[in-house]
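Residues per chain, in single letters:
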Amino acid sequence: MDLLELETARKISLDEIASASDGAKVEALRIKYVGRNGSIPMLIKAMKDVPKEERPLFGKAVQAWKAEVEALLQSKQAVSSEKKIECDLSQPGRWFGFGLKHPLTRVIEETAAIFGKLGFTVADGPELENKFNNFTALNTPSHHPSMDKSDTFWFGEDCLLRTQTSPVQIRAMMANKPPVRVICPGRTYRRDTTDATHSANFHQIEGLYVDTLPEKPVSLADLKSVLAYFAREMMGDGVTVRFRPHFFPFTEPSVEVDFSCHVCKGRGCGVCKQSGWIEVAGAGMVDPRVFEHVGYDPAKVSGYAFGFGVERIAMIKYGIPDIRWLYENDVRFLSQLA
Ligand code: DAH
């Protein structure tokens, strides 16, 4: 390269740098011209090949070019970082909206708070259960359909995904002496095809109160009053509770529990299918055989138990017609429940 070519290269480089429009381009040009293998350092390295008499002049010109390029790069870099800061500070923030808890979480937390006021604590149990806790101790005989291998998710002979939260009753009683006053929210599993009202994975909240005899007898009337209180707190004033006779292996007597419809106040509407009542839970007085299985003396204790479907409460409380909406995580749906 002679002096003339050097002058041409200099002009091109300064033009290029001057017209670089953003930080990335300025950086690319810095690498191109003054980076370790950039054209100017390469030219300096090749200085020894320049004839001796031209070397001083040529060297000076190269150093001057380098200084100009560096100065221009520096001023461009300063401008682009200033621009960056300006943008960050002046742009209004983007609004993503407030998040809110999922309706199922809300029902579980509200239930825990309501029963908490009545002295119930929250107990927990595993989703993978054994046969004893999920069936045997709950007085469920082996010919019961829910024990069928094709009705439940089994992992070997003695391990299954719990079909109900009732096994937590067993765990709570085995771990504590009466009085026992717990609720147990959690996931449950059944072999089910999914439609608007069924899901193979759903949630329940179990409740259990056992106290000692003869000092503190527990009755069906106690159960009804506690559930009536829960109904009012969860659904609003004026909601009442109805018991219908039913059968569960682990309670005797057993009932199905209806709340009067909170939407039409019992007059009949679409939510309660014109009946004025909505079925929400199973319940009853703990069967003496269950007490025997957990090592309690049935002559010395009495108690009640109940089990709600969380999805069911959420669906009637928030007017959700399809259970699947609860699992799709579609914010267009969830944000309507604020
Ligand atoms: N475990 C029952 C079910 O999944 C619900 C239930 C009924 C729970 C009666 C109870 C009870 O504690 O006493 O269908």
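Residues numbered from 1 in each chain as written. Predicted model: local features only at pLDDT ≥ 70, side-chain atom pairs only at ≥ 80, totals over all residues. Heavy atoms only, no water.

*Asks:* I'm lost on the overall build of the protein chain in this one. Help?
*Replies:* Secondary structure summary: the protein chain contains 11 helices and nine strands in total. For the protein chain, whose C-alpha radius of gyration is 38 Å, the value lies well above the compact-globule estimate of 20 Å for 338 residues. C-alpha atoms of the protein chain, sized along the principal axes, occupy 120 × 50 × 40 Å. Counting only residues that meet the buried cut, the protein chain has 41% of its 338 residues in that class. Accessible surface for the protein chain amounts to roughly 18,700 Å². Of this, 56% is attributable to carbon and sulfur atoms. A distance of 3 Å separates the average location of the 42 positive side-chain charges in the protein chain from that of its 43 negative side-chain charges. (Helix = DSSP H or I, 4+ residues; strand = E, 2+ residues; numbered from the N terminus. Rg over C-alpha atoms; globule rule 2.2 N^0.38 Å. Buried < 20%, exposed > 50% of the residue type's maximum accessible area, 1.4 Å probe, protein only. Areas by Shrake-Rupley, 256 points an atom, 1.4 Å probe, with all protein chains shown as cover. Lys, Arg positive; Asp, Glu negative; His and termini not counted. Charge placed at Lys NZ, Arg CZ, Asp CG, Glu CD.)

*Asks:* Explain the nonpolar core to me, please; I cannot follow it from the model alone.
*Replies:* For soluble globular proteins, nonpolar side chains are generally found buried alongside one another. Of all hydrophobic cores here, the largest spans 46 residues; its most connected members are Val257, Phe259, Val280, Tyr304, Phe306 and Phe308. Among the elements that take part in this core, helix H8 (residues 220-235) stands out by supplying eight residues, more than any other. Phe308 has contacts with His203, Gln204, Ile205, Leu227, Phe230, Phe259, Val280, Ala281 and Ile313, leaving out every residue within four places of it along the chain. One finds Leu138, Met173, Cys184 and Val294 within the second-largest nonpolar core, a separate group that totals 20 residues. (Core = buried A, V, L, I, M, F, W, Y, C linked by side-chain atoms within 4.5 Å. Contact = heavy atoms within 4.5 Å.)

*Asks:* How should I be thinking about the sheet that holds strand S5 (residues 201-212) in this particular structure?
*Replies:* Strand pairing within a sheet occurs via backbone hydrogen bonds; the two strands may be parallel or antiparallel. The mixed open sheet is built from seven strands, whose spatial order is S1-S4-S5-S9-S8-S7-S6. Every interior strand has two partners, whereas the edge strands, strand S1 (121-122) and strand S6 (241-248), have only one. Pairing analysis gives 10 bridges linking strand S4 (residues 180-189) to S5, with the strands arranged antiparallel. Within the sheet, the bridge partner assigned to Pro185 lies in S5 and is Ile205. (Pairing = 2+ DSSP bridges.)

*Asks:* Please explain the site of the ligand as it appears in this structure.
*Replies:* With respect to spatial proximity, 15 residues lie near the ligand, and among them Gln164, Ser166, Arg190, Gln204 and Glu206 are the closest. In the environment of the ligand, an oxygen atom lies 3.1 Å from a nitrogen or oxygen atom belonging to the side chain of Gln169. Here an oxygen atom of the ligand and a backbone polar atom of Ala305 are 3.2 Å apart. With the chains in place, 89% of the 350 Å² that the ligand exposes on its own is no longer accessible. Residues of the shell around the ligand, tallied by class, amount to five nonpolar, eight polar and two charged. (Near = heavy atom within 4 Å. Polar contact = N/O pair within 3.5 Å; in protein donor to acceptor, adjacent residues only side chain to side chain. Nonpolar A, V, L, I, M, F, W, Y, C, P; charged D, E, K, R; others polar.)

*Asks:* Please clarify how the pattern of salt bridges should be interpreted in this entry.
*Replies:* Pairing is possible between side chains that carry opposite charge, provided their charged atoms lie close to one another. Inspection of the entire model under this criterion finds 15 salt bridges. The residue Arg244 makes a salt bridge to Asp258 at a minimum N-O spacing of 2.8 Å. Here the residue Arg244 occupies a position in strand S6, and Asp258 occupies one in strand S7 (residues 251-260), the gap between them amounting to 14 residues. Relative accessible area serves as the criterion here: at 26%, Arg244 is assigned to the partly exposed category. A salt bridge links Asp297 to Lys300; its shortest N-O distance comes to 3.8 Å. Residue classification places Lys300 among the exposed residues on the basis of a relative accessible area of 52%. Through salt bridges with shared partners, one network takes in Arg242, Arg244, Glu256, Asp258 and Glu279. (Salt bridge = Lys/Arg side-chain N within 4 Å of Asp/Glu carboxyl O.)

*Asks:* Looking at this structure, how should I read the state of the cysteines?
*Replies:* The bond known as a disulfide is covalent and runs between the sulfur atoms of two cysteines. Tallied over the full model, the rule gives zero disulfides. Here Cys261 is not cross-linked by a disulfide; its sulfur's nearest cysteine counterpart is in Cys264, at 3.7 Å. For Cys261, a relative accessible area of 1% gives the class buried. (Disulfide = S-S within 2.5 Å.)

*Asks:* Would you mind going over the packing of H8 against helix H10 (residues 310-318) with me for this structure?
*Replies:* For any two helices packed against each other, one specifies the inter-axial angle together with the distance between the axes. Their axes nearest at 11 Å, the elements H8 and H10 cross at an angle of 50°. By the angle between their axes, H8 is oblique relative to H10. On the side of H8, the interface is formed by Phe230, Met234 and Met235, while H10 contributes Ile313, Ile316 and Lys317. Here the residues of the contact of H8 with H10 are counted per class, giving five nonpolar, no polar and one charged. (Axes fitted to C-alpha atoms, helices over the stretch in contact; angles between N-to-C directions. Parallel < 35°, antiparallel > 145°, perpendicular 65-115°, else oblique.)

*Asks:* Before we go on, may I ask you to explain helix H5 (residues 103-117) in this structure?
*Replies:* A rise of 1.5 Å per residue sets the reference length of H5, with its 15 residues, at 21 Å; its end C-alpha atoms lie 21 Å apart and thus fit the reference within 8%. Buried within H5 we find Pro103, Leu104, Arg106, Val107, Thr111, Ile114 and Phe115. Axial view of H5: buried residues confined to an arc of 155°, hence all on one face. Next to the buried residues of H5 lie S4, S5, H8, strand S9 (301-309), H10 and helix H11 (331-334). Where H5 ends, the next residue or the one after it, Gly119, has phi of about 95°, a positive value. (Expected span 1.5 Å × (residues − 1). Arc of directions from axis to C-beta.)

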